[in-house]
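If you want the building blocks of each chain, they are given just below.
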Amino acid sequence: MAVAIGSNELLKILAATPAEQNIMLTGRHGIGKSQILEKYFTEKGEKVVILFLGQMSDPGDLIGLPHIDENTGKTDFIPPYWFPTDGKPVVLFLDELNRARPEVLQTIMDLTLNRTLAGKKLPAGSRVISAVNDGEEYQLTDLDPALVSRFNIYEFRPTVEEWLLWAAKSGIDQRVIDFISENPEMLDGAAFRREDQGLEKTPDRRAWERVSNVIKQCSVDDFLKKIIAGIVGMGAAAKLFESISKHRLLSAKEILCGNFVKLKGTIEKYNTPDLATINESLFRFIEAESYEKGDIKKIAENLESYFLLMDEKDLREAQAHFTNLYTSSTYKNTVVFIMGNCGKLYNKMMEFIRSI
């Protein structure tokens, strides 16, 4: 079994792995494998070429078409459209590797070992990364052990917290973020997954992003429920709209940018799980810098007031959760914000840690 990694660990692996070593990511569909890889290398100024091997009908789609070289009289291959001709290294991302036809997979052998296709070598420094779906629900091609041995293999299993932080930074609708925060099992549809699902729609991370794009521009009514059900399935859609219709928790923006004195009574009524959800939303809000610079002082004051309220009411479990978020490595921007703007809060947290 491959070692499981999250999004942050994947970025560290990409940075630490030499270009001559191949990487294979296994995991479910719709969890962001290609998105993260393309963003990481593009930001480094490297060209990313994504090839969907499951769509290739024969090796010619990958290595190019044969022709007679007029100078030598021998058969040569015309380089395919994606092959680099400027001498600059590329990141070759082989998506759906285990959906490829066996004859296409044979052409991958030389590519992964020697960075060569039909006698043509990729520029020095080029990388080969592949992604495969893993599970009995997929129609897959068995991979040759010799091919598998040429990859460093990792099971990509990004956490719900990583997705929620990404969602906050990417402008995903707050109603979707709140729903997943309160129902983390719904993110990848684990509650609805069955071996015989066939065409039955279940949620995944790509689907929730599509839900966000739809729900932002439509009023909440019965017809919208049908639209959403076509994206994430009837069960997930029903739970989402049940969540939207019921009394919701205060948002991070309301707490941090609003009148805390007026909100204090509402916050005091929340139980520990509710406060834990709010803790995470506060950290995500600051981490994603979802505020105007002119609001920094108010945000710092309200964040301190929030923690002091938990201290005043002796809500130690919620305080412990808040402090644990601070000491984790997930919210680096928030830690810097607290250290630079919330001296009283920092001292209170240190007192709390010493009291444990």
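Residues numbered from 1 in each chain as written. Predicted model: local features only at pLDDT ≥ 70, side-chain atom pairs only at ≥ 80, totals over all residues. Heavy atoms only, no water.

## Things to note about the packing of aromatic side chains
The test is simple: Side-chain rings of Phe, Tyr and Trp, where Trp is taken by its six-membered ring, are said to pair if the distance between their centres is within 6.5 Å; with planes under 30 degrees apart they count as stacked, over 60 as edge-to-face, and otherwise as tilted. Accessibility here uses a 1.4 Å probe with only protein chains present; expressed as a share of the type maximum, an area under 20% marks a residue as buried, one over 50% as exposed, and anything in between as partly exposed.
Applying the stated criterion to the full structure yields 11 aromatic pairs. Taking 4.9 Å as the distance between ring centres and 85° as the angle between the ring planes, the aromatic pair formed by Tyr40 and Phe41 counts as edge-to-face. We classify Phe41 as buried; its relative accessible area is 1%. Judged by centre distance (5.6 Å) and plane angle (50°), the ring pair of Trp82 and Phe83 falls under tilted. With respect to class, Trp82 is no different from Phe83; both count as buried. In this structure an aromatic cluster arises from ring pairing among Phe283, Tyr306, Phe307, Phe322 and Tyr331.

## A closer look at the layout of surface pockets
Convention followed: Think of a 1 Å grid over the protein atoms and nothing else: a 1.4 Å probe that fits but is trapped marks a cavity, an open set flanked by protein within 12 Å on at least five of seven lines marks a pocket, and residues with an atom within 4 Å of a point count as lining. Grid points are joined across faces, edges and corners, and a volume is the space filled by probe spheres set on the points. Each helix is a run of DSSP H or I of at least 4 residues and each strand a run of E of at least 2, with the numbering of both proceeding from the N terminus.
When its volume is computed, the largest pocket comes out at roughly 1200 Å³. Taken together, 41 residues form the lining of the largest pocket, with Ser7, Leu11, Ile36, Glu162 and Trp166 sitting closest to its centre. Mapped by element, the contributors of at least two residues to the lining of the largest pocket are α1 (7-16), α2 (33-43), β6 (90-95), β9 (127-133), α6 (160-170), α8 (205-215) and α16 (332-341).

## Remarks on the pattern of salt bridges
Selection rule: By salt bridge we mean one thing: a side-chain nitrogen of Lys or Arg within 4 Å of a carboxyl oxygen of Asp or Glu.
Applying the stated criterion across every chain yields a total of 8 salt bridges. Here Glu268 and Lys313 are joined by a salt bridge, their closest N and O atoms 3.6 Å apart. In this pair, Glu268 sits in helix α12 (residues 260-268) while Lys313 sits in the loop between α14 (296-312) and α15 (316-327), placing the two residues 45 residues apart along the sequence. Lys313 sits in the partly exposed class, given a relative accessible area of 41%. Within the structure, one salt-bridge network assembled from shared partners comprises Asp311, Lys348 and Glu351.

## Looking at unusual backbone geometry
Phi is positive for Arg115, which is not a glycine, with a value near 60°. For Arg115, a relative accessible area of 10% corresponds to the buried category. Of note, the phi angle at Glu289 is positive, near 55°, even though the residue is not glycine. Of note, Glu289 is situated in the loop between α13 (272-287) and α14.

## A closer look at empty space enclosed by the protein
What the rule picks out here adds up to 2 cavities of 30 Å³ or more. The volume enclosed by the largest cavity comes to roughly 80 Å³. Lining the largest cavity, in full, are Gln174, Asp178, Ser181, Glu182, Leu249, Leu250, Ser251, Ala252, Thr277, Ile278, Ser281 and Arg284. Mapped by element, the contributors of at least two residues to the lining of the largest cavity are α7 (174-182) and α13.

## Quick look at α16
Just so we agree on the cut-off: The arc in question is the one traced by the directions running from the helix axis out to the C-beta atoms. We call two residues in contact whenever any of their non-hydrogen atoms come within 4.5 Å of each other.
For α16, every residue scored as buried is listed here: Thr334, Val335, Phe337 and Ile338. Seen end-on, α16 carries its buried residues on one side only, within an arc spanning 160°. The exposed set on the far side of α16, more than 90 degrees from its buried face, consists of Lys332, Val336, Met339 and Gly340. Contacts made by the buried residues of α16 are with α13, α14, α15 and α17 (343-355).

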